Amino acid sequence: MAQYAYDETGAVFNYFLLTILALVLLPTTYSWAFGGAKAVRTRDECDCDRCTAKQKRLAAAKRKEQSFVSTKLILLTLGWSLFAFVAYKASTTVVEETGLWDPYTILGLDHNADDAQIKSAKRKLTLKWHPDKNSDNQEEATTMTAEINKAWKTLTDEEARKNWDEWGHPDGKQSFQLGLALPRWLVEEGNSSKVLFVYTAMFMIMLPALVARWWSKAKHLNKDKILNPTMAKFYRELTATLGFEGLLELVCKADEFYTLITLDKNDAAALDELTAEVATVMAQQTTFTWKKKPAPKDAQTAMQQKVYLLMTSYLLRIAPPTSKLVEEQRLVAETSATLVGGLLQIAISRQWLSIALSVVDLSQMISQALYFHQSPLMQLPNINTTNVKHFRAKKSDVATIRDLIELDTAEQDAVLARFLTADDRQLTQRVAQQYPLLRITKAKFSVLGEPAIIPNAIVTLIVKLQLGTKSDLDADKKNGTSVANLDDPADEEEPKVNIWDAKKEPAPLAHVPYFPQEKRAVWWVYFGDMNQNRLITLGKVNDLVTEQTVRLQFQAPPRPGQWDFQVLVKSDSHIGCDALCELKLVVEPAEAAPLQEEDDDISDPEEDSIAGQMQSMRKPGGANGRKSARDSDSNSDEEESDEATPVKAVHKKKAQVTKSDEETYEDSDSSEEED
């Protein structure tokens, strides 16, 4: 039977507590001290007025959030104070170490000593530790005398000595003893109510309260942190024919804005002023016209109209007249960038290619603060609606940043020198060099382990993306395409995830001077049929630095033939850097990829062996199996003639099913519902 011994001095419990505290305090302290030391900005070297003001505002907000005396710092201070106290207790606690009782060691004998040697050693030690000869140390002498007598009795008793040699104890095998790293005061009867109170407070009050607090917030959000009522509203009102203005109005109806934006009567004059400016700028810079909204009848309509006004003014790069509206405009823009992801989810689920593309276009406009059909060149500093007309010339019509980069340095200077100074021209060219020049270098279909693509096969589309240079663009223009489809065995294999690999380099920051926060570009890889407005599958790339391979899987069409598809790659942060690749999928008959029969390397056992005889016994007919086989051969011709008719009927039925296949490719049974 096991016995339990508690930590009388508390030394072991102190070391246990030190270990737990170190596991918590060390990584937390490192994260607090060095977590924000690394600069988050990479490659965005624009020092225009807009970017400089944004960086200062973000730095001030970060300092405000991370004040020197914070809750985390207070908790760390208390934790390290507790660690120091426990360490002091562990270092000053005296532990009495008692060794194992050994009669041979007490008498100074070997384990093979005989009775005479035991008796002689006992006599000598008794005389040495006799109390009369140790008057100055009576207590130790008495203790040693008792130990000597006990050792002598153990070694002179035949049974006791045998037990000691075998089990380490004179009385034989003893019960198993365990030590618990808990101090005795923790389990004493007088402290049970206190310990129970602490356990109840931690595990029955605090822990459920924290879980309930987390769940009260999480149950209303989806995985993209969008409110469920907002997603339900998007699901009802998103249609396949919704235009840019319709998407923008739908985003402004989200329930998130009710907790971010306030309706204040004092803002009425500022909102009227902003409305007049928006109407003027929209008429001058775009092909759209501001539609005057009727007076709101309720608070919900008033909120939607205010959010739509703030969002439109942001896309037109108009600053509201008051600081309160400026802050609310930033919140609307930042929240809208998240809400766009909800619209994209619904478009993907309904396989609407055009809406999925339009949603990412809206994300680009929100990132760059550009209205629909405004020039992509306005993503660069010092370029606005006034001087963008200088890029349109008879000799060189520059419509996008890619067109500007493709020009020689002298041609760029000639175009920019029409309206910019030397310093401004240098800044514009430096930011233009950061613009991603996306190239699709590979787009290829493959079926794992099959020589051809047959109907209903699981096909893998391998797309390799690359951020090229000006020389790459020149080569693409010369070759007519960027797709090389070079065979690389690494592209055919799925990448293996290794948690011990070094951390990947993060994607560069996008140049988004008007967006409230810093942003890294996300690339969406579409595969679908633009003629049928059908999205087959979609891929997402978060860490495109120089080159990235994307693998998309889908089911092949149900019948042989040639099918035209498109691969489109779009960024959610940059306008005008999209890439398009036309693909032709050839689906061959099922006979092009016949089933491969597996070779049976295990040969049948010999008939004379025991295994052979047992196998023959398992066959139908037992030992007369050969005779049954000979009898069945005589009737084989009749059976073949009888079975020919149903086999032909089955082939005829299969042919009829194949002929009745639908003429259009349907990857899955999806229905489009419009309310």
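Figured I'd write up the structure that's included with this text. It should be emphasised that the depicted structure is a prediction, and the values quoted were computed from it without experimental measurement.

**Observations concerning the overall build of the protein**
Step number 1: Counting its regular elements, the protein contains 22 helices and 9 strands.
Step number 2: In the protein, which comprises 675 residues, the proportion classed as buried is 36%.
Step number 3: Partitioning the intrachain contacts of the protein with sequence separation of at least 6 by distance along the chain shows that 73% fall at a separation of at least 24.

**Brief notes about the pattern of salt bridges**
Step number 1: The tally for this structure, following the rule as stated, stands at 18 salt bridges.
Step number 2: Ionic pairing is found between K291 and E245, a salt bridge with its closest N-O pair at 3.9 Å. One end of the pair, K291, is in the loop between α11 (268–285) and α12 (299–315); the other, E245, is in helix α10 (residues 244–251), and 46 residues separate them in sequence.
Step number 3: Among the salt bridges present, the one from D408 reaches K470, with a minimum N-O distance of 3.8 Å. Taken together, the residues span a long stretch of sequence, with D408 in the loop between α15 (401–406) and α16 (409–416) and K470 in helix α18 (residues 470–479) at a distance of 62 residues.
Step number 4: Using a relative accessible area of 43% as the deciding quantity, one classes D408 as partly exposed.
Step number 5: The exposure class of K470 is partly exposed, given its relative accessible area of 28%.
Step number 6: It is possible to trace a salt-bridge network through shared partners that takes in D267, K306, K324 and E328.

**Quick notes on the nonpolar core**
Step number 1: One finds L315 and Y526 to be the most contacted residues of the largest nonpolar core, which totals 62 residues.
Step number 2: Elements that contribute at least two residues to this core include exactly α9 (228–237), α10, α11, α12, α13 (323–349), α14 (353–368), β5 (523–529) and β6 (534–541).
Step number 3: Not counting residues up to four positions away in its chain, the partners in contact with Y526 are L344, L353, A356, L357, V360, L535, T537, L538, Q566, V567, L568 and K570.
Step number 4: Counting 55 residues, the second largest nonpolar core, distinct from the first, contains L404, V447, V550 and V567.

**Looking at the packing of α9 against α13**
Step number 1: Running from N to C, α9 and α13 point in directions that differ by 50°, and their axes come no closer than 10 Å. Considering their axes alone, α9 and α13 lie oblique with respect to each other. Read as a crossing pair, α9 and α13 show a hand that is right-handed. Residue-level contacts link T230, M231, F234 and Y235 of α9 to L339, G342, L343, Q345 and I346 of α13.
Step number 2: Tallied by class, residues from the contact of α9 with α13 come to 6 nonpolar, 3 polar and no charged.

The rules we used
Residues numbered from 1 in each chain as written. Predicted model: local features only at pLDDT ≥ 70, side-chain atom pairs only at ≥ 80, totals over all residues. Heavy atoms only, no water. Helix = DSSP H or I, 4+ residues; strand = E, 2+ residues; numbered from the N terminus. Buried < 20%, exposed > 50% of the residue type's maximum accessible area, 1.4 Å probe, protein only. Contact = heavy atoms within 4.5 Å. Salt bridge = Lys/Arg side-chain N within 4 Å of Asp/Glu carboxyl O. Core = buried A, V, L, I, M, F, W, Y, C linked by side-chain atoms within 4.5 Å. Axes fitted to C-alpha atoms, helices over the stretch in contact; angles between N-to-C directions. Parallel < 35°, antiparallel > 145°, perpendicular 65-115°, else oblique. Left-handed = near helix turned anticlockwise from the far one by under 90°. Nonpolar A, V, L, I, M, F, W, Y, C, P; charged D, E, K, R; others polar.

Geometric values such as these leave the question of function open.
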